[in-house]
Amino acid sequence: MRKLLASFVALSLLAGCSSGVGSGLGGIGTYYRLIKPQPRTVARGTMIVQPTIAWNQIPRGPYDISREENWTLNGPYLDGLSFIGGLGNNERIVYQRRKADRKVPNFYSNMTPQDIADMIESFYMIRAGSVRFDVTALQPRAFLGQSGFQFDYNHLGGDEVERQGRAVGAIINGRLYLALFDATKLHYYGAGIGEFERIVQSARLRR
């Protein structure tokens, strides 16, 4: 997750490591892809979602995992939407060097919602360059027709921009499914959270 995200908007998960900036613009040797407002499979075809407005798919970055997909409305430094589909036990949410001094914890299928929130926090603090991360709410929530969780958070990036996010997910058959929206607190979070909610409510597992 990078975007998830100079940071994860820097949302892998997870687009902080994006190769280009701006809605619909090409990166270095690659291009953003238009996502039309129609049903679409995401995250290696594990989920089906229904956006109601057009998005841009962010080109894959060097730290993105294979089960991740990232979108943006206005460019990854302003907003980002990350999907993780079917992440297995003891798998990582971001690529990292084996000998790295600090590592983001792997996902484990027995994790609690608080454990997952802590894992996402470590991603922001270790990989996305955040200098402060605060979970503001954590509650149960259905996702993909299963019992899941939602947590809201604020974080301050190394660029000194305040950002806000929401993650909705569930562990289904031992695998993690997650949708995460992250955006600048000034304007872009409020402008995009309604569309994120519509996408989350539309999401279903691909059988």
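Predicted model only: the values in this text are computed from it and were never measured.

Quick notes on the rules
- Residues numbered from 1 in each chain as written.
- Predicted model: local features only at pLDDT ≥ 70, side-chain atom pairs only at ≥ 80, totals over all residues.
- Heavy atoms only, no water.
- Helix = DSSP H or I, 4+ residues; strand = E, 2+ residues; numbered from the N terminus.
- Buried < 20%, exposed > 50% of the residue type's maximum accessible area, 1.4 Å probe, protein only.
- Areas by Shrake-Rupley, 256 points an atom, 1.4 Å probe, with all protein chains shown as cover.
- Expected span 1.5 Å × (residues − 1).
- Contact = heavy atoms within 4.5 Å.
- Core = buried A, V, L, I, M, F, W, Y, C linked by side-chain atoms within 4.5 Å.
- Polar contact = N/O pair within 3.5 Å; in protein donor to acceptor, adjacent residues only side chain to side chain.
- Pairing = 2+ DSSP bridges.
- pLDDT = per-residue confidence, 0-100.
- Axes fitted to C-alpha atoms, helices over the stretch in contact; angles between N-to-C directions.

(A) Broad picture of the overall build of the protein. A count of helices and strands for the protein gives two helices and 11 strands. In sequence order, the protein lays out its α and β elements as β-β-β-β-β-β-α-β-β-β-β-α-β. Out of the 207 residues in the protein, the part that is buried amounts to 54%. Carbon together with sulfur atoms contributes 47% to the accessible area of the protein, which is approximately 9,100 Å² in total.

(B) Fine view of helix α1 (residues 113-126). In this model, α1 (14 residues) spans 20 Å end to end at C-alpha, consistent with the 20 Å of a helix rising 1.5 Å per residue. Looking at α1, one finds that the buried residues are Ile116, Ala117, Met119, Ile120, Ser122, Phe123 and Tyr124. Next to the buried residues of α1 lie β7 (130-143), β8 (146-157), β9 (162-172) and β10 (175-184).

(C) Spatial organisation of the nonpolar core. Core analysis: the largest hydrophobic core is formed by 26 residues, its most contacted members being Met47, Trp55, Trp71, Phe83, Phe143, Leu144 and Phe196. Going through the elements one at a time, β3 (47-49), β6 (79-87), β9, β10 and α2 (188-202) are the ones with two or more residues in this core.

(D) Focus on the side chain of threonine 46. Structurally, threonine 46 is set in the loop between β2 (40-42) and β3. The class for threonine 46 is buried, based on a relative accessible area of 12%. Within the structure, the side chain of threonine 46 is placed 2.8 Å from the backbone oxygen of alanine 43, a separation counted as a polar contact. Not counting residues within four places of it along the chain, the set of residues in contact with threonine 46 comprises Arg67, Gly85, Gly86, Tyr177, Arg204, Leu205 and Arg206.

(E) Summary view of the environment of tyrosine 32. Summarising the element assignment, tyrosine 32 is placed in the segment before β1 (33-35). Sequence separation between tyrosine 32 and proline 59 is 27 residues, and the spatial gap between their C-alpha atoms is 5.8 Å.

(F) Expanded view of the environment of tyrosine 77. Counting through the fold element by element, tyrosine 77 comes out in the loop between β5 (68-72) and β6. Judged by relative accessible area, tyrosine 77 falls into the partly exposed class, the value being 27%. With 105 residues separating them along the chain, tyrosine 77 and aspartate 182 place their C-alpha atoms 9.6 Å apart.

(G) Focus on the sheet that holds strand β11 (residues 204-205). The three strands lie next to each other as β2-β3-β11, forming an open sheet whose pairing is antiparallel. With one partner strand each, in any of the chains shown, β2 and β11 form the two edges of the open sheet. Across three bridges, the pairing between β2 and β3 is antiparallel. Paired with threonine 41 across the strands is isoleucine 48, a residue of β3.

(H) Representation of the confidence of the model for the protein within the structure. Confidence in the prediction for the protein averages 86 pLDDT; 83% of positions are at 70 or higher. Every residue in residues 1-29 is under pLDDT 50, and counting partners more than four places away or in other chains gives 168 contacts.

(I) Representation of the sheet that holds β1. Read from one edge to the other, the open sheet built from eight strands follows the order β1-β4-β5-β6-β10-β9-β8-β7, with strand pairing classed as antiparallel. Whereas interior strands pair on both sides, the edge strands pair on one side only; in this sheet they are β1 and β7. Shown here is a sheet whose adjacent strand axes are inclined to one another by a mean of 25°, direction ignored. Pairing between β8 and β9: eight bridges, direction antiparallel. Bridge pairing in β9 links glutamine 150 to valine 168. Strands β4 (55-57), β5, β6, β7, β8, β9 and β10 of the sheet are contacted by α2, whose axis makes an angle of about 155° with β10.

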